[in-house]
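Chain by chain, the residues run as shown.
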Amino acid sequence: MADTALTTRQRSPLAHAADRLAAATRSFGGAIRLAELPFLAQLNVRLDPKSPAAEAVGLALGLQLPVEPDTVVCAGDLTAVWLGPDEWLVVGRPGAQRDLESRIRSATGDDHVSVTDVSAQRTTVLVAGPSARDLLSHGCSLDLHPRAFGPGRCAQTTLARTQVVLVTRDRSTDEFWVLVRSSFAGYLTDWLLDAAVEYG
């Protein structure tokens, strides 16, 4: 019997804007780089940070969950983003959701933990380059000066009136992840492209 299951190709929220982002990046001459990082695995994890489960999850993932507010811990292709006293967003390579969830659940055993796959909820926009911080400051009320928002920092904030999670990767002061809900990604991208003209 023939397999009649429908197969659909996954399409990212900003697939339609990829050419515009690439063209803008070229036109800015290195001052600003804009790109979508589609399909990153994103797991919302909730547990007691003082419990043995938290340490076990850290060992299973190869990185400790950050306990300082608004901080990020990176190790290899994994990033743990602090969202609250007992809540984190674990971000990994595309397609790693099931593996990450399995590792977390196996590590915690019978201890109380909540793990929710939220990968389809948001997409990630990379904003990088020497003028990236100026561009983001144009639409964000946070103090994004490197002294206040340097490598390894994160915040749940608004950018151009859009709720986002803003992350500075620990390896660079000029590289940001903007995690935005898929339904707002097109609007935010239009804003970034328009505002970047001033800084590029």
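Residues numbered from 1 in each chain as written. Predicted model: local features only at pLDDT ≥ 70, side-chain atom pairs only at ≥ 80, totals over all residues. Heavy atoms only, no water.

Let's shift gears to the nonpolar core. The biggest cluster of nonpolar side chains holds 30 residues, and the ones touching the most others in it are Leu-34, Val-127, Leu-135, Leu-136, Leu-159, Val-178 and Leu-192. Elements represented by at least two residues in this core include exactly α1 (18-27), β7 (122-128), α4 (132-139), β8 (154-159), β9 (162-168), β10 (175-181) and α5 (182-199). Grouped together as the second largest cluster of nonpolar side chains are 19 residues, Ala-41, Leu-43, Ala-96 and Ile-104 included. (Core = buried A, V, L, I, M, F, W, Y, C linked by side-chain atoms within 4.5 Å. Buried < 20%, exposed > 50% of the residue type's maximum accessible area, 1.4 Å probe, protein only. Helix = DSSP H or I, 4+ residues; strand = E, 2+ residues; numbered from the N terminus.)

Further remarks concern the pattern of salt bridges. Counted by the stated rule, this structure contains six salt bridges. Asp-86 is the partner of Arg-46 in a salt bridge, and the nearest nitrogen-oxygen pair spans 2.7 Å. One end of the pair, Arg-46, is in strand β2 (residues 41-46); the other, Asp-86, is in the loop between β4 (78-84) and β5 (87-92), and 40 residues separate them in sequence. A salt bridge links Asp-99 to Arg-103, with the shortest nitrogen-to-oxygen separation between them at 3.0 Å. (Salt bridge = Lys/Arg side-chain N within 4 Å of Asp/Glu carboxyl O.)

As a volume, the largest pocket reaches approximately 210 Å³. Surrounding the largest pocket, 15 residues form its lining, Gln-10, Phe-39, Ser-119, Ala-120 and Arg-122 being those nearest its centre. When grouped by side-chain class, the residues that make up the lining of the largest pocket number six nonpolar, seven polar and two charged. (1 Å grid on protein atoms, 1.4 Å probe; cavity = no way out; pocket = protein on both sides within 12 Å on 5 of 7 lines; lining within 4 Å. Points joined across faces, edges and corners; volume = space filled by probe spheres on them. Nonpolar A, V, L, I, M, F, W, Y, C, P; charged D, E, K, R; others polar.)

Before going further, it helps to spend a moment on the pairing of strand β1 (residues 33-37). Covered by surrounding structure in β1 are Leu-34 and Glu-36 only, the residues Arg-33, Ala-35 and Leu-37 on the alternate face being uncovered. As paired elements, β1 and β7 share five bridges and run antiparallel to each other. Bridge pairing links Arg-33 to Ala-128 in β7. (Pairing = 2+ DSSP bridges.)

Interaxial distance between α4 and α5 falls to 9 Å at its minimum, and their mutual angle equals 125°. The angle between the axes of α4 and α5 places the two elements in the oblique class. The chirality of how α4 crosses α5 is right-handed. Listed contacts from α5 to Asp-134, Leu-135, Leu-136, His-138 and Gly-139 of α4 are Trp-191, Leu-192, Ala-195, Ala-196, Glu-198 and Tyr-199. Residue classes in the contact of α4 with α5 are distributed as seven nonpolar, two polar and two charged. (Axes fitted to C-alpha atoms, helices over the stretch in contact; angles between N-to-C directions. Parallel < 35°, antiparallel > 145°, perpendicular 65-115°, else oblique. Left-handed = near helix turned anticlockwise from the far one by under 90°. Contact = heavy atoms within 4.5 Å.)

Positionally, Arg-33 belongs in strand β1. Overall, the relative accessible area of 42% leaves Arg-33 in the partly exposed class. C-alpha of Arg-33 to C-alpha of Ala-22: the two residues are eleven residues apart in sequence and 8.2 Å apart in space. The contact partners of Arg-33, leaving out residues within four places of it in the chain, are Thr-25, Leu-126, Val-127 and Ala-128.

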